[in-house]
Structures are given as structure tokens and as C-alpha cells.
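Understanding the architecture of this molecule
Single-letter residue listing:
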Amino acid sequence: MSGAVISSPITSVAIVNPCTVLALPNALPRGRTGEWAIRAQVRYGRSPGIGISLRASSLHSLVPMHSAVAWFARNPVAANLTMVFIVSSGLLAATTIDQEVFPEMNLDMVAINVPYLGASPAEVEDAVSVRLEEAVQGIDGVREITATAAEGQATLLVELEYGADLRKAVDDIKSSVDAIDTFPVEVEKPVIQELVTRFQVIHVAMWGDVDETTLHQWADRVRDDLSAIPGVSEVELQGAKPYEISIEVSETALRRYGLTFDRVADAVRGASLDLPGGAVRAEGGEILLRTVGQAYRGTSFEDLALITRADGTYIRLGDVATVVDGFAETDQIAWFNGVPTIVLRVFRSRQIDAPTVANAVVDYVEAPTRTCLLYTSPSPRDGLLSRMPSSA
């Protein structure tokens, strides 16, 4: 055929050149509003060319005019102004929003720790944990109690109900725990504290091929420096054993001098302390008297007098015992780059964002004066401060 026109309710297709129309629907599918489609398969002849035209009256039917997209399509100025407003708001919020490693939350939990040194987990459970649960479970506002009995330690986590008065609950728990009078004599004073969210920012690794005492001393020094940085609320040592002075009494030496273990313990307890001695009034003013006898080093404990004879001689603690000035025996150990290390965990204040504190700590670590703080050997790797990103 030389030419033909095929029309539909909204379309007009004009075939100008010879061709064969295989399929062309004259009725549009009725689906969701604005969803229109025309499917046709055309096989062209030798003379290409086919003209397809849509009447202008049918264009508005392709887009639902009541939608917001159609309104913005007819009003480009309003669309541009809306886009500028959204982008500007996002940029402004990006510069003022608080940046945190972990979101802030209220835990509503109270922890009770009771040391019971030398006791097995079963003994801790029977003597401490059960009594703590019985004292706490009847307090108003308590939702759940979780007790853990470990070697030499009893821990109780008290979860409060939503909306409970935390301060009142802590006071009630403290009063109930202090009223327990059936703990064994060896049980130490319970420690009751509210669990709070701490905002950890970064780790600082203090390492070097040196002895443990030297590494611990430098870690204490760096901790003091980091604590002085604005925005740092706390710096915690991780992998550092606590200081401890142990006194190992020889049974043979006790028999030689006619002493008992209790006598030695009482002498150490009574001699190593500071006591106020009152005041003396003089013409120039008042003079406060104080006896200074607290021992802080192993050598000071060795010189403590256990027995003083009539001739002025005395028996020292070092004569009957071995005093070890070192660290507590624990299972924890930390290594970094193959050498002993102490990790300092840096926490920030609530009002300061994490990047500000982290950048200040990095500037401190990367300062030239921080290099080779613990340099004690020709190896260039000894005594360098390293920083690690927080895993929180």
C-alpha cells in the first residue's frame, strides 16, 4: 500500500512509505494512572520512512497532573528553589551536627562488685552472690538481676525499669547491700556504681623493648599528658598490671626469732601508716604535728621494725621476709610489634565531638618530642608511640 493512517483514542500513526504492519493496538491498556504504552512491530520495505505523530491533546494524559512531580514540571523556578533549600540545609547540618564514635544512651543499670580474694567461684556464689540477690530483688524499680561468680570476685548487674529514678534506686541498693551482715570476714567492702556511657575515641599504644617498670612509668607520664588535652575526660591503661608490694614471710626465720605470722602482720599494719599528732600553740602561731610512717616502696617495708630489744637493737621485716616491689600476678599480657606494650584508651567529654579530640591526640603522638621516649638501645623501633583507631 502507498499510504495509510491508523488512529487510536490518543494517537495518530501515519505510514508514508510501503511497509507491513504486523501488530498495532488501537486500544490503550488501562493500568495505573499515567501508565500508557503503544506496542507495534513494523517491517520496513525498500523505501524507508515512517511518520508517527501524537496529538497535543493526548500529551497531558501521559502524566497525572495532580501529582507533585507534575506541578514541579510546570513550575521549574519553584523546583530549583526547593533544590537549593534542601542542599543548603544539608550543608549547614553537616557542619554543626555532633560526630560520635558510638551514639549516646542511658543504660539504667547499676553494678555491684564484691572482692572475695582467694575464693573459688562456687564459694563466691554461696557466700556472696546469693546474699546480694536476696537483698536487691525486692527493691522498687528493679527489672532484672544478673549475677556472675568468678574466682575472687562477685559481680551483680541490676537493670532498672524504664522511667525509674536512677539516683533513688542507687541509694536503695546501697542501703540494702550495706545492711548485709552475713558476709564472710574475708569479703572486702562492696563497690556500688552506676553504669554510664563513656565516649572512647582512640587508642594509643606505648611500647618498647624495656623492663615492665620503665614502661609503666612512661605510660603514667603519657597518661598525665593526654589527660591535660582539652576535651579528654579520662585516659585508661589497658594491659598494665597494677602495682603491688608482696611480703613473703619465711617460716624458718619466724621460728628463729620466735615470731608468728600474725605478729608480723600486726607490726606491718601498725607501723606503715601516717597519724595526726595534734597541734602545739606557740607565739608564732599553731604548729600541727603529724607522724609520717606510711611505706610506699619495698625498701621502706624492709626497714620496718618488728621487735625492739632493750639494748636498742631491733628485728627488721627484711630479716624474716622477702619484700618484692613489683606488679600483681595477673593473666593479662599485651604485645605490639613483638614487644611488651601498654595501651592507653582515650575518652572524650560529652560536649566535645570525637574528631576534635582524636586530632588533638594524634598531634600529641606525632610531635617530634614524642619520638624515642623509651630509647634504651640502638634499635630504632624501641620506644615509639603508636596510635590505633578506636574499635568502638
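Throughout what follows, the structure given in this document is the object of discussion.

Calculation notes
- In every chain, residue numbers begin from 1 and rise along the written sequence.
- Given that this is a predicted model, residues contribute local features only at a pLDDT of at least 70 and side-chain atom pairs are listed and counted only at 80 or more, while totals for whole chains, interfaces and linings are drawn from all residues.
- Just so you know, side-chain values use all the structure's heavy atoms and leave hydrogens and water out.
- Secondary structure elements follow DSSP: runs of H or I no shorter than four residues count as helices, runs of E no shorter than two count as strands, and numbering proceeds from the N terminus.
- Note on exposure labels: buried denotes an accessible area under 20% of the residue type's maximum, exposed denotes more than 50%, and partly exposed covers the range between, all computed with a 1.4 Å probe on protein chains only.
- Contacts are assigned to residue pairs that have any heavy atoms within 4.5 Å of one another.
- Surface accessibility follows the Shrake-Rupley procedure with a 1.4 Å probe radius. Residue values consider only the protein chains on display as shielding.
- Here is the rule: rings of Phe, Tyr and Trp (six-membered ring for Trp) pair when centre to centre is within 6.5 Å. Planes less than 30 degrees apart are stacked, more than 60 are edge-to-face, and the remainder are tilted.
- In this scheme, strands are said to pair when DSSP sees at least two bridges between them.
- To get an axis, a line is fitted to the C-alpha atoms, and for a helix only the part in contact is used. The angle between two axes follows their N-to-C directions and goes from 0 to 180 degrees.
- Like charges are joined within 9 Å and nonpolar side chains (Val, Leu, Ile, Met, Phe, Trp, Tyr) within 5 Å, but only among residues with over 30% relative accessible area and no salt bridge; these make up the patches.
- By salt bridge we mean one thing: a side-chain nitrogen of Lys or Arg within 4 Å of a carboxyl oxygen of Asp or Glu.
- Counting rule applied: Lys, Arg positive; Asp, Glu negative; His and chain ends not counted.
- By convention, the point assigned to a charge is CZ for Arg, NZ for Lys, CD for Glu and CG for Asp.
- Directions are taken from the helix axis to each C-beta atom, and the arc is the one they span.

**Digging into the overall build of the protein**
Looking only at helices and strands, the protein has 10 helices and 20 strands in total. The buried share of the protein, reckoned over its 392 residues, is 29%. Sequence-distant contacts, at least 24 apart, represent 65% of the contacts inside the protein between residues at least 6 apart. Entry remark: accessible area of the protein is about 25,200 Å², with carbon and sulfur atoms responsible for 54%.

**A short note on the packing of aromatic side chains**
In the structure shown here, the tally under the stated rule is 3 aromatic pairs. The interplanar angle of 85 degrees and the centroid separation of 5.1 Å between the aromatic rings of tryptophan 71 and phenylalanine 72 together place this pair among those described as edge-to-face. The exposure class of phenylalanine 72 is partly exposed, given its relative accessible area of 32%.

**Some remarks on the sheet that holds strand β9 (residues 191-194)**
Reading across from one edge, β7-β8-β6-β9 is the order of the 4 strands in this open sheet, with antiparallel pairing throughout. Taken across any chain shown, the strands that pair with only one partner, and hence form the sheet edges, are β7 (142-150) and β9. Each strand axis lies, on average, 15 degrees off the axis of its neighbour in the sheet, ignoring direction. With 7 bridges joining them, strand β6 (residues 109-115) and strand β8 (residues 153-160) adopt antiparallel strand pairing. Bridge assignment links proline 115 to a residue of β8, and that residue is glutamine 153. Helix-sheet contacts for helix α3 (residues 121-136) involve β6, β7 and β8, and the interaxial angle to β7 is about 165 degrees. Of the strands in this sheet, β6, β8 and β9 touch helix α4 (residues 166-178), which is tilted by about 170 degrees from β9.

**Observations regarding a negative patch on the surface**
On the surface, a cluster of negative charge is made up of Glu123, Glu125, Asp126, Glu133 and Glu134. Assignment of secondary structure puts glutamate 134 in helix α3. Exposure remark for glutamate 134: the relative accessible area of 54% places this residue in the exposed category.

**A look at the pairing of strand β14 (residues 285-291)**
Here strand β13 (residues 275-282) runs beside β14; their pairing, made up of 7 bridges, is antiparallel. Paired with glycine 278 across the strands is leucine 289, a residue of β14. Counting the residues in the hairpin turn of β13 and β14 gives 2 residues.

**What about the pattern of salt bridges?**
A full pass over the atoms with the stated rule returns 11 salt bridges. In this structure, aspartate 172 and lysine 168 form a salt bridge, with 3.0 Å as the shortest nitrogen-oxygen distance. Highlighted residues: aspartate 172 and lysine 168, both in helix α4, separated by 4 residues, approximately one helical turn. Looking at aspartate 172, the relative accessible area reads 26%, which means it is partly exposed. The network of salt bridges with shared partners includes Asp303, Arg316 and Asp319.

**Considerations on a nonpolar patch on the surface**
A cluster of nonpolar residues, Met83, Val84, Val87 and Leu91, forms a patch on the protein surface that exposes about 390 Å² of accessible area. Its location among the elements puts leucine 91 in helix α2 (residues 76-96). For leucine 91, a relative accessible area of 58% puts it in the exposed group.

**A look at helix α7 (residues 261-271)**
Working note: α-helix, 3.6 residues per turn, so residues spaced by three or four point in the same direction. Among all positions of α7, only Val264, Ala267 and Val268 are buried. Buried residues of α7 fall within an arc of 95 degrees about the axis and therefore sit on the same side. Projecting away from the buried face of α7 at angles above 90 degrees are the exposed residues Asp262 and Arg269.

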